[in-house]
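# Overview (structure and organization)
Residues per chain are reported as follows:
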Amino acid sequence: MANLLVRNVDDAVAQALKQRASRHGRSAEAEHRAILEAALLHPRAKSFAEVLMSIPAVGRDEDFVRAPASAPAPHVFD
C-alpha cells in the first residue's frame with residue numbers, strides 16, 4: 001500500500017474532515033481514505049437531468065423541425 005502526505009491543507013478543511021470522521025465513527029485518516037476511494041473508485045452516476053444539461057446547444061429549434069411524412073411509416077413489427 002502507498003502512503004500519501006497532504007501538505008498545506010486549510011485549517012477549515014482539516015476541521016471539517018475531523019468532524020465528518022467523528023460522525024462516521026472513524027479516525028480522520030480512515031475518513032480521508034474513504035473520501036478518496038469514493039471519489040476516485042466509485043464516482044457518482046450523473047442524474048438524467050445532469051446528462052440533459054450537459055448536452056451542448058447545437059442549433060435552433062427550427063433546425064430540427066420534422067418534415068411532414070409523404071407516406072405512412074412502414075410497419076416494422078408486423
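Details of the structure are given in the entry above.
All of these numbers come straight from a predicted model, not from anything done at the bench.

Calculation notes
- Starting from 1, residues in each chain are numbered consecutively following that chain's sequence as written.
- For this predicted model, a pLDDT threshold of at least 70 governs which residues receive local features, and a threshold of 80 or more governs which side-chain atom pairs are given and counted, while totals over whole chains, interfaces and linings are taken from all residues.
- Note that water and hydrogens are dropped before the side-chain values are worked out from all heavy atoms of the structure.
- Numbering of helices and strands starts at the N terminus; helices are DSSP runs of H or I of at least 4 residues and strands are runs of E of at least 2.
- Here the globule rule is a power law, 2.2 Å times the number of residues to the power 0.38, and the radius of gyration is based on C-alpha atoms.
- Partly exposed describes any residue whose relative accessible area lies between the buried limit of under 20% and the exposed limit of over 50%, with all areas from a 1.4 Å probe on protein chains only and scaled to the type maximum.
- Note on areas: Shrake-Rupley, 1.4 Å probe, and residue coverage restricted to the protein chains presented here.
- In this tally, Asp and Glu contribute negative charge and Lys and Arg positive charge; neither His nor the terminal groups of the chain are included.
- Here the site of a charge means atom NZ of a Lys, CZ of an Arg, CG of an Asp or CD of a Glu.
- Definition of a polar contact: a pair of N or O atoms within 3.5 Å, with one able to donate and the other able to accept a hydrogen when the atoms are protein atoms, and with sequence-neighbouring residues admitted only if both atoms are side-chain atoms.
- Here, two residues are considered to be in contact whenever any of their heavy atoms come within 4.5 Å of each other.
- The working definition used for a salt bridge is a side-chain nitrogen of Lys or Arg within 4 Å of a carboxyl oxygen of Asp or Glu.

## Details of the overall build of the protein chain
Scanning the protein chain for helices and strands turns up three helices and zero strands. Of the regular secondary structure in the protein chain, the N- to C-terminal order runs α-α-α. Relative to the 2.2 N^0.38 estimate, which gives 12 Å for 78 residues, the radius of gyration of the protein chain is 25 Å and therefore markedly larger than a compact globule would have. Taken along its principal axes, the extent of the C-alpha atoms in the protein chain is 70 × 35 × 25 Å. Here the protein chain holds 78 residues, and the buried ones make up 4% of them. When the accessible surface of the protein chain is split by element, carbon and sulfur atoms take 59% of a total near 7,800 Å². Of note, the protein chain has its 10 positive side-chain charges centred 8 Å away from the centre of its 10 negative side-chain charges.

## Overview of the side chain of Glu-31
Relative to the assigned elements, Glu-31 resides in helix H2 (residues 28-41). Judged by relative accessible area, which is 0%, Glu-31 ranks as buried. In terms of polar contacts, Glu-31 uses its side chain to reach the side chain of His-24, at 3.0 Å. In contact with Glu-31, other than residues within four places in its own chain, are Leu-17, Arg-20, Ala-21, His-24 and Arg-26.

## Regarding the pattern of salt bridges
Per the counting criterion, the structure on display carries four salt bridges. Note that Arg-33 is salt-bridged to Glu-29, the shortest N-O span being 3.1 Å. Taken together, the residues span about one helical turn, with Arg-33 and Glu-29 both in helix H2 at a distance of four residues. For Arg-33, a relative accessible area of 48% translates into the label partly exposed. In this structure, Glu-50 engages Arg-44 in a salt bridge whose closest nitrogen and oxygen atoms are separated by 2.9 Å. Judged by its relative accessible area of 64%, Arg-44 is exposed. Each of the salt bridges in this network shares a partner with another, and the network as a whole consists of Arg-20, Arg-26 and Glu-31.

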